[in-house]
Every structure is written in structure tokens, then in C-alpha cells.
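Chain by chain, the residues:
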Amino acid sequence: MEEYPEELRTPPVSLVALVGCTEQHALISTHLNSEQPPINTLALPDLSKILLFLPAKSNNNQQPADSSSSNGLLKRDWLQKHRTKTPAVVAALFSSFHVAGDPAQWLQVCSDLDQLKALIRSRNTKLLVIVVHSSSKDEISEDRLLALRKRAEVDAKYLLFFNPNDPFELKQSLSRLGTAFAELAMVYYRDEGRRIKTRIEKKAFNSVDLHVRYCFKVAVYAEFRRDWVEALKFYEDAYHALRETVATLTRLPGIQRMVEIKTVAEQLHFKISTLLLHGGKLTEAVKWFQQHCASYRRLVGSPENIFLHWEWVSRQFLVFAELLETSSATIQDIPSLPLGTAERPLTEWEFRPAYYYQSAAHYLKEKRGALKLALSIFETWNEIDNSVESVVPSIYVGQFARLLEQGNDLAMQPLTDEEYTYYAISEGKRFQDSFEIVALLKKSYESYGNLKVPRMASLCAFQIAREYFSLDDFSNAKQMFDGLANLYRQEGWVTVLWEVLGYLRECSRRLGELKDFIEYSLEMAALPVLSGVDTQHFRAKEHGPGGLASLSQREMMHKEVFGLVIGSPIKDDDNFKVTADNPLHLEIDLVSPLRSVLLASVAFHEQIIKPGVPSLITLSLLSQLPLTIEIDYLEVQFNQPECNFYIINAQRSLSDTVLTERQGCRLESAPSLALLTNKWLRLTYDIKSEQSGKLECISIIAKMGSHFTICCRAESPASMDDLPLWKFEARVETFPTKDPALAFSGQKAAQVEEPDPQVDLLVGASGSALVGESFMVPVTITAGSHAIHFGELKINLVDVRGGGLFSPSESEPFGLDSHHVELLGITGPEGEGESQPGPDKIAKIQQSFGLLSVPSLEVGKSWSCKLEIKWHRPKPIMLFVSLGYSLNGNDLNAQKTNVHKSLQIEGKVAIQISHRFMAPFRRDALLLSRTNTVTVSDQLGSLPLNETTVILVNAKNCCEVPLQLLSMSIEVDDNNIERSCSAQFGGQDLLGCAVVMPGKEFKKVFTVIPKVDASKLTLGSVHLKWRRHSGIGDQSGSTSTASWVSTEHKLPEVNVELSPLVVSLECPPYAVLGEPFTYSVKIRNHTELLQEVKFSSADAQSFVLCGPHNDTAFILPKSEHILHYKIVALASGLQQLPRVSLTSVRYSAVFQPSTAAATVFVFPSKPCFKTDDAKEKQMEPIAAD
């Protein structure tokens, strides 16, 4: 489309001319260009310059409407003239100073107007008069303006004022100018179109050429007016009228007449397609294109000029493809149902640019072939080659003439058909059609790729590669053919794959790539092309360098390849052969296309092999090459190199050099190593491995000739895939092994068992481990029949339940330890540490893994160590202990024998600590927080301020072994807490370490006196030190250390509050029958308020009471009130004292002593006690956290 002139490719734009006042031209032109639609301008400084664009018409140039003479269909520069030279409107700009000036200036204005009117009158060009204000104070009389308008013969609305000095007036002036220019241009193009349409309607012509020309002009004038419907109608009329001229036009020789008609038809078709596509009529545009091509399909000309026809057809497809691409942004919906006619329905591809690019390339190839034919026809081409230099395009579209010099003038001389043919062939030789074909096919390839249509894209890629091949660009051709070959292998298209491989084979030969040449040749020879395919297929006339796909061609390539193997050159190329300096090695893996050339299957008869015991292995080879292959020897490779061996062909004699290189290797012999087509070659041999672990056959290397080898990856029969291109062919399928069961289950790998160990590994721990202690596990190694060298002891701790040994939450109890169970260390014999000197010593300890070197042990010797494991949480674990050692003391890298032991150990909590807060005996404090009726679950416990509170700590043995307790204390870290409260423990110190039996409890009493009023007071933590009891009955003491274990129990935070009333009972520790004693109730008021307390006492059956029964007492602030009772016991034994009830009126709180506080023992007579002097325990303050 770039070959078309711009005025044809773009829609017409109105053209106006500005004359005079040059300083305002740029401003007006910029505004008109920004209008929608834009308006182009011709800026002329004065009236004299307009003669260059509007020359006066002479009477000789006037052509009557009914003239029948015409030298061509369309003038080449007519459209360009109306877009760049012939304005529709001429605007005369006059300064207001001249219009309103003296008579001389007014006469000049009138003279300019008369001259301008004389020039434009014959051309129907419209006139617009613009008066430019020189200053804001200019005033022009109405009479002068009326005279100016009459002189110019224009309407009042086309006499405009332009004021560039005021921005507001300037904007309005420009808007009025744009409107006036658009209206006058519309009038001009409408009048011109009507004038031409009148001639068409009256048929005021006798020449069909003029009919085509008039319709074209009317369509162009309609485009100037943006009347796309009328433009489309007259372009179609011009196209149909042109079709009628094919048989009637005789003013030119035959070839040139055909070229002119088809050139004009091409321009008309371009205009029609553009209007249809940009109007959203995609289906109509495609139908029109089909009709256009069908109309001129047979208008081809003589055989020597047929290349012009194919070039024209190719250009039609190219231009339409570009039009589809440019309109694709606005046309998105493609009809889903086939359209068109019943004889020729439209397909989806005809709506895609890719189809037209591909067709353009196809017809350009036809043109290239026809041009070669034309060149062969004209044998005297070189003699006339210089005569075409003076040929130039004529003034009419599609015509050419010879330019002659006649003195100082130039003249056009018409061409004969022979001269034009020479000119056309000369022009055709200047262009490289192959490069243009590649460019078109690449566009089609990219377009198909964007549509996700790989098969159509591959067809374009194949054509691109063939063009590169024809240009001797073998590198690019090989790259394209490689991609195609991969696709055709996946699709299983054997015929086209054969042709592509033929090109690849030839490209490799031209590039000197011997390995690729042989690989492609072998792949072609192994393709499933059988004897029944020797007939020519539908593309036989275009077959590539690989020839026709046939069995004979496969055999020829087979012989050619193996001729190269033995050193014979190919096609007289001495450097293209396999020699000692140029050996060849091919690799065939599991996805290689050469699997059909050589397929190797390996099957172990046993999946588990004893070390040192022979086992059978079957090697099977299969080839689809058309002829028999003779292999010199096979090399079988394993992952254990000591198992590699060679299989020698007994019918072939190996050279001494080869035997010398294989000296020391295992050699086996086979009666024959001949591979027949589609027949398995089965070989069975013994295999023996001394190394435990996996034994796998890696590959089989086939040696053919002195310098050619093929390495084929071994495959298991059970998992071996079929040959993709052969699985649907009619051939006899056999198993790779004689045993069908082995063919379905055989594997190329087997497991070699480890040798039976002759070493004892004993893990001697018993019983459960306790959380917090260092649990020792003894491990003993005894060398039995094997000596131990380079021994390694591996320890692994694994959670039995599978949850892992690592704690994911830091907020759990024992949060300081991130691991539930931890391996602390390994202690050697006689206290030997973990790290041992020496280069062969290893000591590596982690939380759940340990690695330790074991010293060399002779037969009968033993070595032991202890594993130190600590539990931070109760969890069962599995302890795995593995010993790896070597039987060879001289080789560090020798295979090692392993012994494994496992032991499950349960980790349990040893001791459980609990606590309880209690008030002192017969002393109670009123706590207001306890009187609330609403109970909150997370409410803190309350303690009275400056009152003693008893903490009873209970330690229970939860394990199966006795525990020995060393100490129990309350400890804190913050020294400020020591001043907030004090604590002490009651009773005497333990004279010896207490022993707590399983299930029993140990209790200890602490007292706490809070000293400050706090909402949250931290009391600290209880620390208990314990260990397993090492008594005579303890059976687990050998597995634990003697160190003490500290268990911590955190005391909760408490709320400290002032108690308003404290009630205490005072009574002797015992009573004597019949003897009176005093029973007192003390009520202490700690507040600044007067407290009213009601009290009542109840008589007891066993006592005689003397004292107040029911009354009210008023207790002064910070004072104490005492109730005294005299009591005489009437019965002996444990008796209940009279019950005294107190009620605080202010706080609505009732106090009644507990049963234990109101109980006293009564002796029948006064007892006698022996008392020992005992030192009082001093108060021991502690801090609580």
C-alpha cells in the first residue's frame, strides 16, 4: 500500500487559499488545520502569486461536454492538483486601513478584487473577503462596507472581520473563519460534483473513458464533502464502467491497454474496499474483493507478459491484507457462519489478514516463475536493455511513454507492446522477489501465530524456509526447518516430515555439519515409509532434495550413511567423511527422534541382588532401519563402573589397539551382533556387584566402524514408551525379552543388598525419662567377626507421633527451650569428651542429630559411649542409632556396612506442683472484692494489705520412681517486689533430703505479708530441686546423672486491698473440764470511718457461756473492739465452742467462724506436757515475682 501516492491512500482534505496580509497567515492556517475535518491552506503573499495556482484558462483548453476524444482514463496528477494546487475557496485579506483609507488605497482594493474575480470566475472557486483590523480604533463606514461587498459580489456573511489584537475577539474571529471556509468549500465541491453528475445523467459523452473519469471525479468530490455513501456509489459505477471498456478500448496496444485498465481498476478497488472496511462492512468488503479478483482472473495477456498479471494479483492480496490490518481496530466481530454465495461460501480465513499475506506471497512466486520464462524467451535482451532507460510514466494512470528531447522541449512518444515488454522485464529484474516473498510469509506467520493456529503458521514457516534455501541462506533455512521438524514429529506427519528432513539434510551438507547430516539421514532412513508408498503423492512435482518418500530412498540413505562410517566420501567431497581426525559420536536419549534408529532395553531378572552373587541381565536392541546393521562391539555402562563390560562380535576381529585399550576390562562374546529391521537382538549375561545400593544400567554404546559410535540411553521394558511414528503402523510387535512377564515388569535397575553385619550394637537404656533431667543412654559396640575401621555413629531423635520435636509456640510452658527433646552431648568411655583430635575424628551434635567417630576396633574388642538427652516437655520419642563402618582399613572411601538399632523412650513429668492461699488460724480479714455477687472468671485473687497470708505448696510425685527433694523456695528477680511483700516458711528445715514415693505428696507452708496496695502483685515462683532417689531399690539410677533438677512453678498475680475489718478469735489451745477460760472476739477497724457491727452468740450444749448475746457495737476509726466471754466446759473431748456471728452494717458483710476455728479439745483433767527449748525461727523475707 506504500506504493500508492499519498493522495490516494488518505481521504481528501479541503484546500483554501489566503491572499494578502501575510502576517496573519500562520495564525489562520494553524486554526484551520486543527478543525475537524481539517482544512489545508495555500498562503500567498500577494495577488501575483495566485497565477501560479490558478492560471487563466484559454479557449483552446476548453473541452466540450460531448467530446468523444480521450487519451486516457484518469489523469495521474488530477487528484493531487485538487489537494495541493486548486483551492475550493480563495480568501482575500485586506487591511482595514486600506479599506477605509484614501481614494487611491480604495481603488487598489477594488482593482485587486476585480482581478481576483476574473481568475476564479471560470473555475467556480468561491470567494471570501476578510477585513483585518489594524488597530482596535479602526472604524469603517457602512457605505464603504456595502460598496466592498457589492464589488466582491459576496453575501454579507462571507464578508468577515478579523481582529488579532483582542484575544476574545481573535477566538471568535477564528471560529467564524473556520465556519465560513467549511461552508464555502462544501458549496464548491457540491457544485463541482453536480456539474459532473449532470454530464453523466445526460450522457453528454460518447467515450466510455469519460464515463469512468466522470464517475471517479464525482466520487472524489463526495469524499471532499465526507459523503461516503455517494462516494462509494460512484466509485462502484466507475468500476463497472471500466469493466465495459475491456472489449471496446482500442486506442492503445493490447498489453498497455490491459495494464492501464487493471491499474485503474486497482485504484478504484482500493477506494471501494477502504470505504467498506472503515464503514464496518467487513463481509461486503470480502465479497467485493472476491468479485474483483474473479473479474480480472482471465485478463492475463500474452505468455511473455503473464508475469505482470501475477504481480498485479499479488499486489491486490497484499493491499487488502494491509487494509484488513488497519481496520481491525474498529472491526472486531467476524461472522461465525459461512457467508457468500452458494457456489462460493466465505470461510473464516478470508476475514483474516494472514490468508491474504500468504496468497500474496504465493502469487508473487508465480510472478517470479513467469518472469524467468519471459527472460528465456527474449534472447536478444542485452542488445535492447539500454533502450528502456528513457521510459517514464505518462500523464495518465497506467500508461508509459518514451521521453524525447526536441530542441529545448520534451515530448512523449507512445511505446509499442514489444518496447513496453522490454521495459516491464527490465523493471522486474531490478527487484529481488525472494526477499519480498519472505517478508510476506513472515507477516502471515506472525498473524497465524497471534491467532494460535500453529498448523497454518507451520505451513508459512515451511515456505519461508524454502525461500531461504533457494537464496542459499542455509543457516536461516536450517533454523526454520528445525522448528518445523519438531512440530511434525509431535503431529506424526510422516510425509511432510520426510520433506523437511530432506531439506535439513541438504542444509547440513552445504554447511559442512557432518554430525547433523548423519542424524537427519538416519532419521529419514528410520521413518515408517513402507514399500507401498512408492507412488507420487500430491506434491511430487515439488519434492525437496530428500527425494520422494519411498523404501528405496530409505535404503539409499542407509547405504550412504554407513558408507560415510567406513570412510567413503559423499558426492565427491573428500572432507565430508568420518575419519580418525573427524570421529563421530551420536547420543540417543529418551526423547530423541533417533530412538527408531537404535532402541536399547535392559532388564534385571531379579530386583534384589545379594552382594557378590551373580544375577542375570538381558540387553535388547531394536532398529527400524531398512537394512541390517553390523555392530563391532557393545559397551554396557552402569552407575557402578566396576560392573561395566564389553560384548564383542565373534564374527568381527578387533584390532590389537582396541584389545589393548580394553585390557583389564570384562569382555564377553556374542555369536552375532547383527540388527535386523524390527527384530529384537536379545543378549543375556551375568552381572555381579560387590557394592551395596542401587545398580543401574546407564547406557549402551554401539561401535560401528573405526570412528563411529552411538550411545543409547538404557530403558526399562516396564516403562518404555512406543516409537511415536511407528505405533500406528502395520508391523509385527514383539517383546524385548523372551519372558513376557519380564517384559511387563523388568527394570533397568536393581537393589544390591548390604552385607550381613558381624558387629553387635547395644542400646541399653530402660525405663522412662523425666522432664528436666539429663537422661543418659549407654551405647555399646562390640566387634564380632568383623573389624571396625572408619566407624561413624549416627544418632537421630524422631517424634513417635510425627508432630516434630520443635515447639512452634513460644508461649507454651517451658518456653525458654524451643525443642521438646534435645540431644545435649555424647560422652565417650572414661569421661572422654565429644571432640576428639585427629583428622579422621568427627564430632557433630545438634538438637535432634548427632554424629560421632568410632575408633578402629579389632575383632573381639568393644567400645561404649553415653548419649545425654534432655526432655523439656513430656513427649515419646524414637531413638535411632546407626553404625557405619568399613571392612577395609586402607581405603577411606570404601563401601561401608551399616548396623541399625532403635529404641522408644517415653518422656514423663516427674513432679507436679500446686498451691493454695489460706488465712491464718482464727483470723479473718474482710475483703470487699469477695462480697461482689458477680463472679468474673479471670478475676485475680485478693490478699489483705499488711496482713499475713499462708501459702500452702504441694509437690506430688507423678512418675514411677522415688524422688529425692533437696529444697523448696519462693524466688523473684525484681528487687522492688521485696519491698512490696515479705514471705517466710513455717516449720523446721529438713534435716535430710526428703524422699517422695510414687503417687505421694510433699507439702510446705509459706507466709506472705503484702506491704503495698496494688491491683496486680507478682509473688514470684516456687523452685523445687529434686533428683531420682539413688536408694537400693532404684533400678534406673544407672541411666541418670546425680545432678539436681530444678522445677519451677509460677505463682499467680494477686490483688492487694485494704481490709476495713479484721476479726480474730482468741482461745486457749485446750480446755479442762469444769474450769472456766476466756474466749475473746477482737474486731479491728482499719478505716477512717465509724463502723457499726451487730453481733450475736448462740449457746452451745457442751459449754456454759457468760457474756453479751445480741447487741450492736460502734468501733471508732483505727481502733479495736473486744468481746469477752467466760466459758466453762461441761463435756470432755473435741467440742464446738459457742458460735458468734458478726454483721457489718456498712458493708452488709456477715462473719461466722469456720468449724475448725470454733473447735477446742476438752481434757477431763489438767494434762502434764514436757516442753523442749526450741529456737524460734526468724522471719525470712523473700521477693516474689
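About the criteria used
- Residues numbered from 1 in each chain as written.
- Predicted model: local features only at pLDDT ≥ 70, side-chain atom pairs only at ≥ 80, totals over all residues.
- Heavy atoms only, no water.
- Helix = DSSP H or I, 4+ residues; strand = E, 2+ residues; numbered from the N terminus.
- Buried < 20%, exposed > 50% of the residue type's maximum accessible area, 1.4 Å probe, protein only.
- Contact = heavy atoms within 4.5 Å.
- Areas by Shrake-Rupley, 256 points an atom, 1.4 Å probe, with all protein chains shown as cover.
- Core = buried A, V, L, I, M, F, W, Y, C linked by side-chain atoms within 4.5 Å.
- Patch = residues over 30% accessible without salt bridge, like charges linked within 9 Å, V, L, I, M, F, W, Y side chains within 5 Å.
- Salt bridge = Lys/Arg side-chain N within 4 Å of Asp/Glu carboxyl O.
- Pairing = 2+ DSSP bridges.
- Phe/Tyr/Trp six-rings, centres within 6.5 Å; stacked < 30°, edge-to-face > 60°.
- Lys NZ or Arg CZ within 6 Å of the ring centre and 35° of its normal.
- Axes fitted to C-alpha atoms, helices over the stretch in contact; angles between N-to-C directions.
- Expected span 1.5 Å × (residues − 1).
- Polar contact = N/O pair within 3.5 Å; in protein donor to acceptor, adjacent residues only side chain to side chain.
- Parallel < 35°, antiparallel > 145°, perpendicular 65-115°, else oblique.
- Left-handed = near helix turned anticlockwise from the far one by under 90°.
- Nonpolar A, V, L, I, M, F, W, Y, C, P; charged D, E, K, R; others polar.

As recorded in an unreviewed UniProt entry, the protein goes by Trafficking protein particle complex subunit 11 domain-containing protein and comes from Rubroshorea leprosula.

Chemist: If you had to explain the overall build of the protein to someone new, which residues and values would you point to?
Modeler: For the protein, the count of helices and strands is 24 helices and 53 strands. Counting all 1185 residues of the protein, 47% fall into the buried class. Here the analysis covers contacts within the protein between residues at least 6 apart in sequence; of these, 75% occur between residues at least 24 apart. Roughly 59600 Å² of accessible area belongs to the protein as shown, and the carbon and sulfur atoms make up 51% of that amount.

Chemist: Break down the nonpolar core for me, with residues and values.
Modeler: Among the nonpolar cores identified, the biggest contains 143 residues, and Leu-128 and Phe-181 are the most heavily contacted of them. Discounting chain neighbours no more than four positions away, the residues touching Leu-128 are Val-89, Val-90, Ala-91, Ala-92, Tyr-158, Leu-160, Leu-177, Ala-180, Phe-181 and Leu-184. With 52 residues, the next largest nonpolar core counts Cys-643, Leu-681, Cys-712 and Val-752 among its residues.

Chemist: Describe a nonpolar patch on the surface, and please don't skip the residues or the numbers.
Modeler: A cluster of nonpolar side chains, Leu-403, Leu-410 and Met-412, forms an exposed patch at the surface whose accessible area comes to about 280 Å². Inspection of the secondary structure puts Leu-410 in strand S8 (residues 409-414). For Leu-410, a relative accessible area of 59% gives the class exposed.

Chemist: Before we move on, can you summarise the pairing of strand S30 (residues 876-886) with the specific residues and values?
Modeler: Counting buried positions over the 11 residues of S30 gives 9, a clear majority of the element. For strand S25 (residues 789-799) and S30, the ladder comprises 9 bridges, and the chain directions are antiparallel. When the sheet's bridge partners are listed, His-789 is paired in S30 with Ser-886. Looking at chain direction, S30 and strand S31 (residues 896-908) are connected through 11 bridges and run antiparallel. Across the sheet, residue Phe-880 finds its bridge partner in S31, namely Ser-902.

Chemist: Quick rundown of the packing of aromatic side chains? Include the residues and the values.
Modeler: A full pass over the atoms with the stated rule returns 38 aromatic pairs. Both rings, one in Phe-400 and one in Tyr-423, keep their centres 5.3 Å apart while their planes meet at 45°; by these two values the pair is tilted. A residue pair is termed long-range when its members are at least 10 positions apart, and Phe-400 in strand S7 (residues 400-406) and Tyr-423 in helix H15 (residues 417-430) qualify at 23 residues. Taken together, a centroid distance of 6.0 Å and an interplanar angle of 85° make the contact between Phe-775 and Trp-871 edge-to-face. Taken together, the residues span a long stretch of sequence, with Phe-775 in strand S24 (residues 774-783) and Trp-871 in strand S29 (residues 862-871) at a distance of 96 residues. With respect to burial, Phe-775 and Trp-871 carry one shared label: buried. Following the ring pairs from residue to residue traces out a cluster consisting of Trp-78, Tyr-188, Tyr-189, Phe-216, Tyr-221, Phe-224 and Tyr-235. Over the ring of Phe-234 we find Lys-233; its NZ or CZ atom is 4.4 Å from the centre of that ring. Here the basic side chain of Arg-243 rests over the ring of Tyr-296, its NZ or CZ set 5.0 Å away from the ring centre.

Chemist: Break down the sheet that holds strand S3 (residues 89-95) for me, citing the residues and quoting the values.
Modeler: Read from one edge to the other, the open sheet built from 5 strands follows the order S2-S1-S3-S4-S5, with strand pairing classed as parallel. Of all strands in the sheet, those bounded by a partner on one side alone are strand S2 (39-44) and strand S5 (159-162). Here the average twist between neighbouring strands, direction ignored, is 25°. Of the strand pairs in this sheet, strand S1 (residues 14-19) and S3 are connected by 4 bridges, and their pairing is parallel. Residue Val-16 lies in a different strand from S3, and its bridge partner there is Val-89. Of the strands in this sheet, S3 and strand S4 (126-132) are in contact with helix H5 (residues 103-121), which crosses S3 at around 175°. On top of the sheet, helix H7 (residues 167-202) reaches S1, S2, S3, S4 and S5; it is set at about 165° to S4, its chief contact.

Chemist: Break down the sheet that holds strand S45 (residues 1076-1085) for me, citing the residues and quoting the values.
Modeler: Within the open sheet, the 5 strands sit side by side as S33-S43-S45-S49-S47. Their pairing is antiparallel. Lying at the two open borders of the sheet, with one neighbouring strand each, are strand S33 (923-925) and strand S47 (1103-1106). Within this sheet the neighbouring strands show an average axis-to-axis angle of 20°, counted without direction. Taken together, the 4 bridges between S47 and strand S49 (residues 1120-1129) define a ladder with antiparallel strand orientation. Each bridged residue has a counterpart across the sheet, and for Val-1104 the counterpart in S49 is Val-1128.

Chemist: So what about the pattern of salt bridges? Which residues, and what values?
Modeler: According to the stated counting rule, one finds 35 salt bridges in the structure shown. The salt bridge involving Arg-352 is made with Glu-348; its shortest N-O contact spans 3.4 Å. We note a salt bridge from Glu-506 to Arg-510, for which the minimum N-O separation is 3.1 Å. In this pair, Glu-506 and Arg-510 both sit in helix H19 (residues 494-511), 4 residues apart, roughly one turn of the helix. A relative accessible area of 6% places Glu-506 in the buried class. If you follow the salt bridges from partner to partner, you end up with Asp-114, Lys-117, Arg-151 and Glu-153 in one network.

Chemist: Describe H15, naming the residues involved and giving the relevant values.
Modeler: Counted at 1.5 Å a residue, the expected span for H15 with its 14 residues is 20 Å, and the 20 Å between its end C-alpha atoms agrees. When we look at burial in H15, the residues that qualify are Tyr-420, Thr-421, Tyr-422, Tyr-423, Ala-424, Ile-425, Ser-426 and Gly-428.

Chemist: Hey, could you go over the environment of Thr-1078 for me, with residue numbers and the actual values?
Modeler: In this fold, Thr-1078 is placed in strand S45. For Thr-1078, a relative accessible area of 34% gives the class partly exposed. C-alpha separation for the pair Thr-1078 and Cys-1106, spaced 28 residues apart in sequence, amounts to 9.7 Å. For Thr-1078, the residues in contact, after removing those within four places along its chain, are Glu-1066, Cys-1067, Pro-1068, His-1124, Tyr-1125 and Lys-1126. Separated by 3.1 Å, the side chains of Thr-1078 and Lys-1126 make a polar contact.

Chemist: Talk me through the environment of Ile-425; I want residue IDs and the actual numbers.
Modeler: By the element assignment, Ile-425 lies in helix H15. With 53 residues separating them in the primary sequence, Ile-425 and Lys-372 have C-alpha atoms 9.6 Å apart.

Chemist: Give me the lowdown on the packing of helix H9 (residues 228-244) against helix H10 (residues 254-278), citing residues and values where you can.
Modeler: Packing of H9 against H10 brings their axes to within 9 Å, and their N-to-C directions diverge by 155°. In terms of their interaxial angle, H9 and H10 are classed as roughly antiparallel. For the crossing formed where H9 meets H10, the hand is left-handed. Here H9 contributes Trp-228, Ala-231, Leu-232, Tyr-235, Glu-236, Ala-238, Tyr-239 and Leu-242 to the contact with H10, which in turn contributes Ile-261, Val-264, Ala-265, Leu-268, His-269, Lys-271, Ile-272, Leu-275 and Leu-276. Considering only residue class, the contact of H9 with H10 consists of 14 nonpolar, 1 polar and 2 charged.

Chemist: With reference to specific residues and values, describe unusual backbone geometry.
Modeler: Cis geometry is adopted by the peptide bond preceding Pro-37, which originates at Gln-36 and carries an omega value of 0°. Structurally, Pro-37 can be placed in the loop between helix H2 (25-33) and S2. One non-glycine residue, Arg-226, lies in positive phi territory at about 65°. Here Arg-226 shows up in the loop between helix H8 (208-224) and H9. With a phi angle near 55°, Ser-1148 is a residue other than glycine that sits in the positive phi range. In this structure, Ser-1148 sits in the loop between strand S51 (1140-1144) and strand S52 (1149-1151). Residue class for Ser-1148 comes out exposed when judged on its relative accessible area of 64%.

Chemist: Can you tell me about the environment of Glu-858, naming the residues and giving the values?
Modeler: For Glu-858, the position within the fold is in the loop between strand S28 (849-854) and S29. Taking the C-alpha atoms as reference, Glu-858 lies 4.8 Å from Ala-787; in sequence the two are 71 residues apart. Not counting residues within four places of it along the chain, the set of residues in contact with Glu-858 comprises Ala-783 and Ala-787.

Chemist: Pulling in residues and values, what's your account of helix H11 (residues 282-295)?
Modeler: For H11, built from 14 residues, the straight-helix expectation of 20 Å at 1.5 Å per residue is met to within 8% by its first-to-last C-alpha distance of 20 Å. The complete set of buried residues in H11 reads Leu-282, Thr-283, Ala-285, Val-286, Trp-288, Phe-289, Gln-290, His-292 and Cys-293. Buried positions along H11 lie against H9, H10, helix H12 (306-327) and helix H13 (353-377).

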